[in-house]
Amino acid sequence: MGRGADADVTAAWSLAGQHLANDALAGLRKDHSPDDRERSFAEAVVRMDVQPVTETGLKKVEAELSALAKGDDEIAQASAYLIGRLYQAHYFAPDYARAAEAYTRLAEKFPGGYWAQLGLVKLALLKLYALPEPAGPAARIVAAEALFPRVTVPELQRDLHLVLGRAELFHEYAIEAVLAHLLAADRIGGLTQIKRGELQLQIGELSRRARHWDQARDYFRRFIVENEVDGRLSTAKLRLAQIDAAQRAEESHR
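Notes on the structure in this doc start here.

Cut-offs applied
Residues numbered from 1 in each chain as written. Predicted model: local features only at pLDDT ≥ 70, side-chain atom pairs only at ≥ 80, totals over all residues. Heavy atoms only, no water. Axes fitted to C-alpha atoms, helices over the stretch in contact; angles between N-to-C directions. Helix = DSSP H or I, 4+ residues; strand = E, 2+ residues; numbered from the N terminus. Parallel < 35°, antiparallel > 145°, perpendicular 65-115°, else oblique. Contact = heavy atoms within 4.5 Å. Nonpolar A, V, L, I, M, F, W, Y, C, P; charged D, E, K, R; others polar. Core = buried A, V, L, I, M, F, W, Y, C linked by side-chain atoms within 4.5 Å. Buried < 20%, exposed > 50% of the residue type's maximum accessible area, 1.4 Å probe, protein only. Salt bridge = Lys/Arg side-chain N within 4 Å of Asp/Glu carboxyl O.

Next up on the list: the packing of helix α7 (residues 114–130) against helix α9 (residues 154–170). Where α7 contacts α9, the two axes come as close as 10 Å, and the packing angle between them is 5°. Comparing their axes, α9 and α7 come out roughly parallel. Between α7, through Y114, Q117, L118, V121, A124, L125, L128 and Y129, and α9, the contact on the second element is made entirely by E155, L156, D159, L160, V163, L164, R166 and A167. Considering only residue class, the contact of α7 with α9 consists of 12 nonpolar, 1 polar and 3 charged.

Here's what the structure looks like:
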């Protein structure tokens, strides 16, 4: 692919990142070659968000992605993953079973691939909240946890820990079980500041409820230090005062 084509694709990704899908697509249509997999992939991705989004347009995107997914390169893997995303989140009537099938096939074909493992994280969400089976919170969580050995990319392990920790919190599991997942996610790290701050507050609050005073204090302090301007700073400072008071009360009754 020539330099001009490279520049067009780079510009398209930039425009898409600014939510200017229509502009990105217009640039990609120049001198398009059906044999150019990178450009074909970029066009398919951009068209997922071209306004107005229509069912017919999404079906065309799926056909393009299906053709690209027949290869063995990274574009094939990413295309197969996006087919799952179409069924999970883009079609007007989601088909969670077909999304799960797409992620499962991808993971079987490329078990060590990044896109395949990202698909397993999405599959965990489907098992926890969307698929009819397994039934019941405990069985759903067991099914999602069973995916852990297949997820080896650290940032995706982190995301799976977050998914499971929050699912267990939603289903009112023991705080210690929830904390185990959230602490594991924090140890892996790599979250953006906003998401890291949310995790720090969540761990701090759960640690406070579990009476893990030092751990709770540490996470609230980390949040305060790393977030100079945040509407939740006053709450974090209040929690520190409450922790000190609760710990003093606890020690006085020993």
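In this section: the nonpolar core. With 43 residues, the main nonpolar core has F41, L65, L86, L128, L160 and L164 as its most contacted residues. Looking at this core, the elements with two or more residues in it are α3 (37–47), α4 (55–68), α5 (74–90), α6 (96–109), α7, α8 (137–145) and α9. What L86 contacts, discounting residues up to four positions off in sequence, is M48, L58, V61, E62, L65 and Y91. Within the second largest apolar cluster, 11 residues are counted, among which are L162, V178, L199 and I203.

Moving on: the pattern of salt bridges. A complete count under the given rule lists 16 salt bridges for this structure. The partner of D8 in a salt bridge is R39, and the shortest N-O contact between them spans 3.4 Å. Here R39 lies in helix α3 and D8 lies in helix α1 (residues 3–17), a separation of 31 residues in the sequence. Taking relative accessible area as the criterion, R39 reaches 2% and is therefore assigned buried. Taking the shortest distance from any N to any O, the salt bridge between R208 and E205 comes out at 2.7 Å. Linking R208 with E205, this pair stays in helix α11 (residues 193–209), spanning 3 residues, or about one helical turn.

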